[in-house]
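Residues per chain are reported as follows:
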Amino acid sequence: MNAPSSNESSSQRLLVGVSGGIAAYKAVVLVRRLVEAGCEVRVVMTEAATRFVTPLSFQAVSGHPVRTTLLDAEAESGMDHIALARWADAVVIAPASADLMARLAAGMADDLLTTLCLATEAPVHLAPAMNRQMWAHPATQANRALLVERGVVMHGPAAGAQACGETGEGRMLEPGAIAEALLQSPARDLAGQRVVVTAAGTREPIDPVRFLANRSSGRMGFAIAAEAARRGAAVTLVAGPSALPTPAGVERIDVETAAEMQAAVESIESMDLFIGAAAVADYRVAEPAASKLKKTGEAVSLELVPNPDIIAGVAARAERPFVIGFAAETDDLREHAAAKRVAKGMDLICANEVGAGKGFDRPDNALLLLWEGGEHVLAQAGKERLATRIFDTYHQITQVSDDASS
Ligand code: CTP
């Protein structure tokens, strides 16, 4: 797990970007703080930043060579820029100059740092630093608003005396404050929220000893429940049969059939977030036999009747939570998942390919996240890491809709 678990220590992998500005020297202190807190830090500097501080300073505090150019054959043969973008749990740019913000807002990829920001799926944090008039300029403010709408997290700037001799808003936040925000923010961002997660497959009995089941292991749903609890939510995990241990701080309700899973979910009246990660059987045997069926030598057929759709029921509630579902597809992933999201009334769908060694009963997966007006492609990763990305996306979507309604 890569996000921090406490205020004191962290195992996050952070990519620190430094752009040109007098505040670049403060970024050396920021990197040192993050390394001291247990983060693994790689530094990327823009050309302009190297005029203010030498790459060697950052190499000394981060313990790794600093990258400054996109087309550096030697560096690319180690960890290329796409691998570096995927490696990061978060990107933090401090200081972020007006020029850098403009280039990010325009989606440019004219140097290594902007290219990484385009290529990464990780959250991007900016600590702007510039002259107060440059900060207040409508162009900069429009760039700031656009970046926030796209999910970029802003830290500052603060007001105070500036290097140019003026006083006003535009100073970079102190390194300690940026480090504290980075180390703490992911840890408790679901505090006060009531989260319900369904996980694993269901078992639909045929007779007292036989059942219909599927290949779901429950790993994804259990990882999601664990991550939600770590972020401070009150979590109820409604789990089909699974040998996995109950994650710390999670209340678990064990069920077997789809009907039991539905009853357990319905018994929870209020929730802020529902995540349907269970592989619920679409059908059950109409009348399971009371005694073990005997072999007759003849062909037999089972009458199957549809099960209720649990997630669609939650999405149809009068006071509905934010609803996240999954789609397991063997073909036409995007089309089927997009249609399923709308049909079931989900806010966000996490689609994955199954079959031929993919998806079920594996520790890792790749996901396509789709919501109204947006999508993320999450490359193959451990299910714990995917859980982190799902919650980051949830925050991105809800932050944007909060901004739009305020
Ligand atoms: N789901 C549910 N109740 C059901 C069936 C599915 O809550 N009876 C939820 C799953 O937990 C998942 C989503 O619906 O979040 C999609 O499940 P999936 O099996 O991919 O979709 P189906 O509706 O079963 O469609 P199909 O099998 O036709 O692809």
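Each chain has its residues counted from 1, following the order in which its sequence is written. Thresholds applied to this predicted model are a pLDDT of at least 70 for local features of residues and 80 or more for the giving and counting of side-chain atom pairs; totals over whole chains, interfaces and linings are not thresholded and use all residues. Water and hydrogen atoms play no part in the side-chain values, which are based on all heavy atoms of the structure.

**Q** Just to check I follow, could you spell out the sheet that holds strand β8 (residues 194-199) for this structure?
**A** Backbone hydrogen bonds hold the strands of a sheet together, and the pairing may be parallel or antiparallel. Pairing within the open sheet is mixed, and its eight strands lie in the order β12-β11-β8-β13-β16-β17-β18-β19. Of all the strands in the sheet, just β12 (250-254) and β19 (374-382) have a single pairing partner and so form its edges. On average, each strand axis in the sheet is inclined to that of its neighbour by 15°, with strand direction left out of account. By the convention used here, residues are in contact when the closest approach between their heavy atoms is within 4.5 Å. Here an axis means a line fitted to C-alpha atoms, over the contact stretch when the element is a helix, while the angle between two N-to-C directions is reported on a 0 to 180 degree scale. Helix and strand assignments follow DSSP, with helices taken as H or I runs no shorter than four residues and strands as E runs no shorter than two, numbered in order from the N terminus. Taken strand by strand, helix α11 (residues 258-266) contacts β8, β11 (234-239), β12 and β13 (273-276), and its axis lies near 160° from that of β11. Paired strands, as defined in this entry, are two strands with at least two bridges between them according to DSSP.

**Q** Any chance you could explain the domain arrangement of the chain here in plain terms?
**A** Accessible area lost on assembly of the parts is the figure often given for the size of an interface. The source of the domain bounds is an automatic or database domain assignment. In terms of domains, the chain is made up of domain 1 (6-183) and domain 2 (194-405). The C-alpha-based centres of domain 1 and domain 2 are spaced at 37 Å. Listed by partner, the interface residues are 12 residues for domain 1 and 11 residues for domain 2. Buried area: the accessible area, evaluated with a 1.4 Å probe, that two parts lose upon being put together, summed over both parts. Here domain 1 packs against domain 2, burying approximately 810 Å² in sum over the two surfaces, 42% of which is carbon and sulfur. Between R385 and D89 there is a salt bridge whose closest N-O contact spans 2.2 Å. N or O atoms within 3.5 Å of each other form a polar contact, as long as, within protein, one can give a hydrogen and the other can take it, and as long as residues adjacent in sequence are counted only when both atoms are side-chain atoms. Inspection of the region where domain 1 meets domain 2 yields four residue pairs in polar contact (both at pLDDT 80 or more). Basic side-chain nitrogens of Lys or Arg form a salt bridge, by our definition, when they fall within 4 Å of a carboxyl oxygen of Asp or Glu.

**Q** I'm lost on the packing of aromatic side chains in this one. Help?
**A** Here a ring pair, both rings aromatic, is described through the centre-centre distance and the interplanar angle of the planes. We call Phe, Tyr and Trp rings a pair once their centres come within 6.5 Å, taking the six-membered ring for Trp, and we label the pair stacked below 30 degrees between planes, edge-to-face above 60, and tilted otherwise. Tallied over the entire structure, the rule returns one aromatic pair. When the centroid spacing of 5.0 Å and the interplanar angle of 70° are considered together, the rings of F322 and Y394 count as edge-to-face. Of this pair, F322 sits in strand β16 (residues 322-329) while Y394 is found in helix α14 (residues 383-405), placing the two residues 72 residues apart along the sequence. F322 sits in the buried class, given a relative accessible area of 13%. Either the NZ atom of lysine or the CZ atom of arginine qualifies as a charge over a ring when it sits within 6 Å of the ring centre and within 35 degrees of the ring normal. The ring of W87 carries R42 above its face, with NZ or CZ at 5.2 Å from the centroid. Classification of residues uses two cut-offs on accessible area relative to the type maximum, computed with a 1.4 Å probe and protein chains only: under 20% is buried, over 50% is exposed, and between them is partly exposed.

**Q** I'm lost on the pairing of strand β9 (residues 204-207) in this one. Help?
**A** The side chains of a regular strand alternate between the sheet's two faces. With three bridges connecting them, β9 and strand β10 (residues 210-212) associate as antiparallel partners. Opposite P205, over in β10, you have F211 as the bridge partner. Connecting the antiparallel pair β9 and β10 is a turn made up of two residues.

**Q** Help me out: how do you make sense of the environment of G240 in this one?
**A** On the secondary structure map, G240 appears in the loop between β11 and β12. On a C-alpha basis, the gap between G240 and P157 in space is 48 Å, while along the polypeptide they are 83 residues apart. If sequence neighbours within four positions are ignored, G240 has contacts with A199, A200, G201, V255 and M261.

**Q** Teacher, can you tell me more about the sheet that holds strand β5 (residues 153-154) here?
**A** Spatially, five strands are ordered β2-β1-β3-β4-β5 in an open sheet, and the strand pairing comes out parallel. Edge strands, defined here as strands with exactly one partner in the open sheet, are β2 (40-45) and β5. Here four bridges tie strand β1 (residues 13-18) to strand β3 (residues 90-96), and the two strands are oriented parallel to one another. Residue pairing in the sheet places G17 in a bridge with I93 of β3. Along the sheet, helix α5 (residues 98-105) makes contact with β3, β4 (124-128) and β5, crossing β3 at roughly 140°.

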